[in-house]
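Analysis of the macromolecular model
Listed here are the chains, written in short residue letters.
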Amino acid sequence: QVQLVESGGGLVQAGGSLRLSCAASGRTFSNYPMAWFRQAPGKEREFVAGITWSGGSTSYADSVKGRFTISRDNAKNTVFLQMNTLKPEDTAVYYCAADTDFRRYYSGSASTQRYDYHTWGQGTQVTVSS
């Protein structure tokens with residue numbers, strides 16, 4: 001059973017940076033894709049960034065491309081989201097998610113679809129003030 005714990009959220013001014021971390025339990029972390037999603041008040045949870053099992057391929061939502069970077073350290077069972085040039089519209093609860101379906105182990109790409117991720121962290125609040 002995989003468990004995910006996010007950290008690193010907080011309050012930052014527009015233009016600032018934050019780095020989110022997600023620590024995973026379990027021995028198979030290096031087998032599966034990981035992703036970050038976010039949910040703003042009154043809105044649907046949306047894909048932010050995804051990374052394959054090896055870290056060799058990443059994908060981003062258009063709204064964060066060029067500003068956010070997803071990475072992972074399989075030796076430490078951790079995935080990161082570096083967020084630069086933050087904007088007020090980035091304000092949301094950010095969730096780490098794991099695609100632990102064994103049929104997608106070692107996949108060459110990370111899904112952008114929420115329904116492919118069955119394991120979620122508790123979320124961490126990011127607030128960007130203008």
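Residues numbered from 1 in each chain as written. Predicted model: local features only at pLDDT ≥ 70, side-chain atom pairs only at ≥ 80, totals over all residues. Heavy atoms only, no water.

Section: the sheet that holds strand 8 (residues 78–83)
Judged by pairing direction, the sheet is antiparallel, and its 4 strands sit side by side in the order 1-3-8-7 without closing on themselves. Looking at strand neighbours, the two that pair on one side only are strand 1 (4–7) and strand 7 (68–73), the edges of this open sheet. For this sheet, the mean angle separating the axes of adjacent strands, direction not counted, is 15°. In this sheet, strand 3 (residues 18–24) lies alongside strand 1 in antiparallel orientation, the contact comprising 4 bridges. Paired with Val 5 across the two strands is Ala 23, which belongs to strand 3. (Pairing = 2+ DSSP bridges. Helix = DSSP H or I, 4+ residues; strand = E, 2+ residues; numbered from the N terminus. Axes fitted to C-alpha atoms, helices over the stretch in contact; angles between N-to-C directions.)

Observations concerning the nonpolar core
Membership of the largest hydrophobic core comes to 28 residues, with the highest contact counts inside it found for Met 34, Trp 36, Leu 81, Met 83 and Tyr 94. Looking at this core, the elements with two or more residues in it are strand 3, strand 4 (34–39), strand 5 (46–51), strand 7, strand 8, strand 9 (92–98) and strand 11 (124–129). With sequence-adjacent residues up to four places away left out, Leu 81 is seen in contact with Leu 18, Arg 19, Leu 20, Trp 36, Val 48, Ala 49, Phe 68, Thr 69, Ile 70 and Tyr 94. Counting 6 residues, the second largest nonpolar core, distinct from the first, contains Phe 37, Phe 47, Ala 110 and Tyr 117. (Core = buried A, V, L, I, M, F, W, Y, C linked by side-chain atoms within 4.5 Å. Buried < 20%, exposed > 50% of the residue type's maximum accessible area, 1.4 Å probe, protein only. Contact = heavy atoms within 4.5 Å.)

Everything listed here is a matter of coordinates, which is why it stays silent on function.
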